[in-house]
Amino acid sequence: MNISRIPSAIARGVYLVLMVVTLQSCSVDLYTNLDEREANEMVATLLSKGIAVSRVVQKDGKLTVTVDEDQFAQAVAVLNTAGLPKEKFATLGTVFKQEGLVASPVQERAQMIYALSEELSRTVSEIDGVLAARVHVVLPDNDPLQRNAIPASASVFIRHEASLDVNPLIPRIKTLVANSISGLTYEKVSVVPVASQRTSEPATGAELTSFLGIWMLPASVAKAKLIFGCLAGALLAAMASLGYLVWRKQSGRRKVYPLQPYGPAK
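Every chain is numbered on its own, with residues counted from 1 as its sequence reads. With pLDDT at 70 or above as the cut-off, local features in this predicted model cover only qualifying residues; side-chain atom pairs require 80 or more to be listed or tallied, and sums for whole chains, interfaces and linings still use all residues. Side-chain numbers come from the whole structure's heavy atoms, not from hydrogens or water.

(A) Fine view of the environment of K174. A helix here means a DSSP run of H or I that spans at least four residues, while a strand means a run of E at least two residues long, and both kinds are numbered starting from the N terminus. Mapped onto the fold, K174 is located in helix α6 (residues 169–180). Between the C-alpha atom of K174 and that of E187, which follows or precedes it by 13 residues, the distance is 8.4 Å. Throughout, a residue-residue contact means that at least one pair of heavy atoms, one from each residue, lies within 4.5 Å. Discounting residues that sit within four places of it in the chain, K174 has contacts with Y186, V189 and V191.

In structure tokens, the structure reads:
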């Protein structure tokens with residue numbers, strides 16, 4: 001047996017053990033390309049429900065939220081109930097980004113209406129307790145010479161938490177929308193609130209469990225025991241191999257002298 005190969009064999013054994021642990025405790029990507037605020041909101045929401053979650057930094061600086069494979073469905077349900085991740089809305093800059101030929105007046109008008117709707121939807125969705133919001137703006141193309149012009153109007157749809165008292169918010173939302181669009185009056189803004197029917201448990205702190213003096217989520221205890229057992233086994237194997245290596249080296253240094261017979265040398 002080549003003694004010099006023992007350290008490399010130990011390293012390969014430890015690597016195989018760690019690889020097995022990694023495969024047995026694999027995680028799956030829940031959402032990718034998130035900014036720091038979105039990722040933090042998701043992680044905080046999932047941890048409050050006792051779901052083990054982690055963040056991974058991508059090469060472009062964005063974040064990926066990962067969960068255990070067996071908790072994937074539960075994590076999606078929890079985030080949907082919390083209205084996460086929030087819907088992305090277009091901005092005026094992205095809508096009016098010029099590409100190619102010059103836009104026609106009809107196209108510019110459609111882009112303006114769409115941009116106003118997106119901006120207002122994003123603003124309303126930022127209200128605490130509002131899970132989703134959509135603003136639909138109607139700006140009639142009236143003839144300047146027409147006597148009976150059709151007034152502008154807007155409809156606001158919001159889906160909110162069941163515990164949110166939305167009545168005090170409706171006048172504020174109508175004022176916000178009316179003051180954001182030229183020619184739109186308060187009376188021509190309608191708000192349709194809908195309470196979310198998805199039931200969710202109160203976001204209380206998850207009960208922690210102690211393992212080897214470390215407090216962690218109950219879902220992480222089984223994985224911690226598995227990792228600890230594998231690492232302990234790998235450490236014992238490494239210690240045994242090193243002990244064998246030391247014994248072989250010490251045995252090789254011992255010099256055996258043959259017994260000499262008594263009497264005068266011939």
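(B) Highlighting the sheet that holds strand β2 (residues 53–57). Strand order in the open sheet made by the three strands is β1-β3-β2, with antiparallel pairing throughout. Two strands in the sheet have a free side with no partner beyond their single neighbour: β1 (27–34) and β2. In this sheet, adjacent strand axes meet at a mean angle of 25 degrees when their direction is disregarded. Sheet topology places β1 next to strand β3 (residues 63–68); five bridges connect them, and they run antiparallel. Its bridge partner lying in β3, D29 is registered against T66. Here the axes come from fitting lines to C-alpha atoms, over the contacting stretch only for helices, and the angles between their N-to-C directions go from 0 to 180 degrees. The strands touched by helix α2 (residues 36–48) are β1, β2 and β3; relative to β2, the strand with the most contacts, the crossing angle is about 160 degrees. Running over the sheet, helix α3 (residues 72–81) touches β1 and β3 and is turned about 35 degrees from β1. Pairing between two strands is assigned when DSSP locates at least 2 bridges connecting them.

(C) Fine view of the nonpolar core. Here, the term nonpolar core denotes a set of buried Ala, Val, Leu, Ile, Met, Phe, Trp, Tyr and Cys residues that are joined through side-chain atoms within 4.5 Å. Relative accessibility decides the category of a residue: with a 1.4 Å probe and only protein chains considered, values under 20% of the type maximum give buried, values over 50% give exposed, and everything between is partly exposed. One finds V156, I158, I173, V177 and I181 to be the most contacted residues of the largest nonpolar core, which totals 23 residues. Among all residues touching V156, those that are not within four sequence positions of it are R134, V135, I173, V177, V189, S190, V191 and V192. Counting residues in each nonpolar core, the second largest holds 15 residues, with L34, V67, V78 and L84 among its members.

(D) Spatial organisation of the pattern of salt bridges. Any Lys or Arg side-chain nitrogen located within 4 Å of an Asp or Glu carboxyl oxygen qualifies as a salt bridge. Under the definition given, this model contains three salt bridges. In this structure, the salt-bridge partner of R134 is E118, at a minimum N-O distance of 3.1 Å. You can see R134 sitting in strand β4 (residues 130–138) and its partner E118 sitting in helix α5 (residues 105–125), a full 16 residues away along the chain. Across the pair E119 and R122 runs a salt bridge, and its minimum N-O distance is 2.9 Å. Placement of both E119 and R122 in helix α5 is noted, with a separation of three residues, approximately one turn of the helix.

(E) Highlighting the pairing of β3. The buried fraction of β3 amounts to six of the six residues, a majority that puts the element mostly inside the structure. Sheet topology note: the β2/β3 ladder contains five bridges and is antiparallel. When the sheet's bridge partners are listed, V56 is paired in β3 with T64. The hairpin formed by β2 and β3 contains five residues between the paired strands, and G61 there has a positive phi angle of roughly 95 degrees.

(F) Geometry of the sheet that holds β4. The strand order β4-β5-β6 describes an open sheet built from three strands, whose pairing is mixed. Since the sheet does not close on itself, it has two edges, and those belong to β4 and β6 (189–195), each with one partner. Recorded for the sheet is a direction-independent mean angle of 15 degrees between the axes of neighbouring strands. Pairing of strand β5 (residues 153–160) with β6 involves seven bridges; the strand directions are parallel. Residue pairing for β6: I158 is matched across the bridge by P193. In the packing of α6 onto the sheet, contacts are made with β5 and β6, and the angle to β6 comes to roughly 135 degrees.

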